Amino acid sequence: RVKALIDGAPVEFHDIAMDLAPLPAFNRQVYAITSAIKPGETLTYGDVAKRLGDANAARAVGRALGENPFPILIPCHRVLAAGGRAGGFSAPGGIETKMALLSIERARTSAIPGLFDDDPAFRLAAKPTRR
């Protein structure tokens, strides 16, 4: 399914069982919020922190996402820094992979509407490169 996503197919991973029990409770809460972000949508680290009930926890959210043991399955690529900046991404390929995934999912990566947001044929990035 990851390959299908990379190839541009709409794919969901919510039915895949992942053992999160050994992880810290805070991380599990961050991953639950992150897993609820639909393809094509994004939140900021601050948005996730607010949903946790602590608007000052954005850095802790970023740290938890950096420790995500299941990138893509737990879609941490859908969490951006303030102002739509990329932030980090710990999966292979780093930010380049994150932005490619968001492009495949046709996600808006800033609060400002993009020039081609209404054009379904437009794709920002090619497939991510393997490293």
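The structure contained in this document is the topic of the report that follows.

## Re the nonpolar core
- With 25 residues, the main nonpolar core has L5, V30, V48, V61 and L65 as its most contacted residues.
- If we ignore the near neighbours within four places in the chain, the residues touching V30 are V48, L52, V61, A64 and L65.

## Notes on the pattern of salt bridges
- For the structure shown, the criterion picks out 3 salt bridges.
- Put simply, R1 and D15 hold a salt bridge, and the shortest N to O gap is 2.7 Å. Highlighted residues: R1 in the segment before α1 (2-6) and D15 in the loop between α1 and α2 (25-35), separated in sequence by 14 residues.
- D15 sits in the exposed class, given a relative accessible area of 52%.
- Residue E105 pairs with R78 through a salt bridge whose shortest N-O separation is 2.8 Å. With a gap of 27 residues between them, E105 in the segment after α5 (94-104) and R78 in the loop between α4 (58-66) and β2 (79-80) connect regions that are remote in the sequence.

## Regarding the environment of Q29
- Relative to the elements of secondary structure, Q29 occurs in helix α2.
- For the pair Q29 and V48, spaced 19 residues apart in the sequence, the C-alpha separation amounts to 9.6 Å.

## Here we look at α4
- Regarding α4, the residues found buried are V61, A64 and L65. Buried residues along α4 cover an arc of 100° about the axis, so they all sit on one side. Among the exposed residues of α4, those pointing more than 90 degrees away from its buried face are R59 and R63.
- Those residues of α4 that are buried are in contact with α2, α3 (45-52) and β2.

Cut-offs applied
- Per-chain numbering applies: the sequence of each chain, read as written, is numbered from 1 onward.
- At least 70 in pLDDT is required for a residue's local features to be given in this predicted model, at least 80 for side-chain atom pairs to be given and counted, and no such filter applies to totals for whole chains, interfaces and linings, which use all residues.
- By convention in this description, side-chain values take in all heavy atoms of the structure and omit both hydrogens and water.
- The criterion is simple. A nonpolar core is a set of buried Ala, Val, Leu, Ile, Met, Phe, Trp, Tyr and Cys residues joined through side-chain atoms within 4.5 Å.
- Buried residues are those whose accessible area, probed at 1.4 Å on protein chains only, stays under 20% of the maximum for their type, while exposed residues exceed 50% and partly exposed ones sit between those limits.
- Here, residues are in contact when the closest pair of their heavy atoms is within 4.5 Å.
- Salt bridges are identified by distance alone: a Lys or Arg side-chain nitrogen within 4 Å of an Asp or Glu carboxyl oxygen.
- Labels follow the DSSP assignment, with helices taken as runs of H or I lasting at least four residues and strands as runs of E lasting at least two, numbered in each case from the N terminus.
- This arc corresponds to the set of directions leading from the helix axis out to the C-beta atoms.

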